[in-house]
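# Close look at the chain arrangement
Below are the chains, spelled out letter by letter.
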Amino acid sequence: MNIILLGAPGSGKGTMAQKIMNELQIPQISTGDIFRKNLKEETPLGLQVKDIMARGDLVPDEITIEIVKNRLAESDCANGYILDGFPRSLVQAAALDTFQNIDCAVNLDVDEEAIVKRLSGRRFCPDCNGTFHISTLQNAAVCPSCGGKLIIRADDSEETIRERLRVYYKTTFPLIEYYSKQGKLLTVDGNGAIDDVYGRIMAVLKK
Ligand code: AMP
């Protein structure tokens with residue numbers, strides 16, 4: 001199954017994508033993770049996107065589309081994949097339709113207040129790409145999955161969170177109508193506990 005996860009920053013796309021990946025045994029393709037890896041390794045792409053990401057803006061469509069096109073052509077995507085953080089604009093969605101057949105777009109619907117709370121308490125593990133909320137951690141510095149050192153993502157500062165939400169509503173939100181018109185939109189209430197949200201997603205995917 002070729003699945004897109006839609007939703008505002010902090011709506012839980014990454015967390016849900018990892019759980020779906022484990023259950024359905026299909027890869028999670030996160031453009032944010034791809035960019036962060038390049039940043040960490042200081043590749044030419046990483047240097048190109050560094051300032052854009054720090055501001056909370058979107059990486060230009062042509063760069064992002066090319067990366068996703070190449071990644072989805074790899075053999076592990078042959079039986080399906082979960083796109084997490086792509087597409088994020090109508091241009092990206094239209095491009096995706098030219099080289100892939102998407103089965104459904106799951107939209108995680110989360111209250112804006114909850115989003116700001118989630119993002120401002122978020123901790124990230126650069127070693128295993130795990131994301132956690134400070135309220136669930138016994139030790140705010142150590143990854144409970146792999147023991148790595150947790151960090152606050154540079155784009156999780158309050159100012160950048162606001163900018164990312166502004167960009168989301170302006171550029172990404174129209175994708176809900178785009179996939180609704182294609183009859184592919186599945187909306188899920190993304191508020192509440194992780195396992196509850198995950199249960200709702202699996203219920204709509206199995207329909
Ligand atoms: P994320 O981890 O999905 O929140 O993405 C982190 C950052 O990576 C975003 O704020 C953008 O700067 C960049 N990014 C990730 N996915 C995309 C995309 N599909 N199009 C453009 N920029 C992206």
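Note: the structure precedes this text.
Residues numbered from 1 in each chain as written. Predicted model: local features only at pLDDT ≥ 70, side-chain atom pairs only at ≥ 80, totals over all residues. Heavy atoms only, no water.

### Notes on the pattern of salt bridges
Counting across every chain of the model gives 14 salt bridges. Close ionic contact of K19 with D195 constitutes a salt bridge, the shortest N to O distance being 3.3 Å. Placement of K19 in helix α1 (residues 13–24) and of D195 in helix α9 (residues 194–205) is noted, with a sequence separation of 176 residues between them. Among the residues examined, K19 registers a relative accessible area of 27% and is labelled partly exposed. (Salt bridge = Lys/Arg side-chain N within 4 Å of Asp/Glu carboxyl O. Helix = DSSP H or I, 4+ residues; strand = E, 2+ residues; numbered from the N terminus. Buried < 20%, exposed > 50% of the residue type's maximum accessible area, 1.4 Å probe, protein only.)

### Here we look at the sheet that holds strand β2 (residues 28–30)
One open sheet holds the five strands; their spatial order is β2-β3-β1-β4-β7, and the pairing between them is parallel. Single-partner strands in this sheet number two, and they are β2 and β7 (185–189). Averaged over all pairs of adjacent strands, the angle between their axes in this sheet comes to 25°, without regard to strand direction. Bridge count between strand β1 (residues 2–6) and strand β3 (residues 81–84): four bridges; the pairing is parallel. Along β3, the bridge assignment pairs I4 with L83. Helix-sheet contacts for α1 involve β1, β2, β3 and β4 (104–109), and the interaxial angle to β1 is about 160°. (Pairing = 2+ DSSP bridges. Axes fitted to C-alpha atoms, helices over the stretch in contact; angles between N-to-C directions. Contact = heavy atoms within 4.5 Å.)

### Let's talk about a negative patch on the surface
Taken together, the side chains of D109, D111, E112, E113 and D189 make up a negatively charged region of the molecular surface. Considering the arrangement of structural elements, one finds D111 in the loop between β4 and α6 (112–120). (Patch = residues over 30% accessible without salt bridge, like charges linked within 9 Å, V, L, I, M, F, W, Y side chains within 5 Å. Areas by Shrake-Rupley, 256 points an atom, 1.4 Å probe, with all protein chains shown as cover. Lys, Arg positive; Asp, Glu negative; His and termini not counted. Charge placed at Lys NZ, Arg CZ, Asp CG, Glu CD.)

### Some points on the site of the ligand
Taken together, 16 residues surround the ligand, and among them T31, R36, D57, G85 and Q92 come closest. At 2.9 Å, a side-chain N or O of R36 approaches an oxygen atom of the ligand. For the ligand, an oxygen atom lies 3.3 Å from a polar atom in the side chain of R153. Summarising the interface, the protein chains cover 96% of the accessible area of the ligand, which totals 480 Å² for the free molecule. Residue contributions to the shell around the ligand peak at four residues, all from helix α2 (residues 31–40). Counted by class, the shell around the ligand contains five nonpolar, five polar and six charged residues. (Near = heavy atom within 4 Å. Polar contact = N/O pair within 3.5 Å; in protein donor to acceptor, adjacent residues only side chain to side chain. Nonpolar A, V, L, I, M, F, W, Y, C, P; charged D, E, K, R; others polar.)

### Comments concerning the packing of α6 against helix α7 (residues 158–172)
Put simply, α6 and α7 touch, their axes get as near as 11 Å, and they point 135° apart. As judged from the angle between their axes, α6 and α7 are oblique. Where α6 crosses over α7, the two elements pack in a sense that is right-handed. Each of E112, I115, V116, L119 and S120 in α6 lies in contact with α7, whose residues at this interface are I161, R164, L165 and Y169. Looking at the contact of α6 with α7 residue by residue, the classes come out as six nonpolar, one polar and two charged. (Parallel < 35°, antiparallel > 145°, perpendicular 65-115°, else oblique. Left-handed = near helix turned anticlockwise from the far one by under 90°.)

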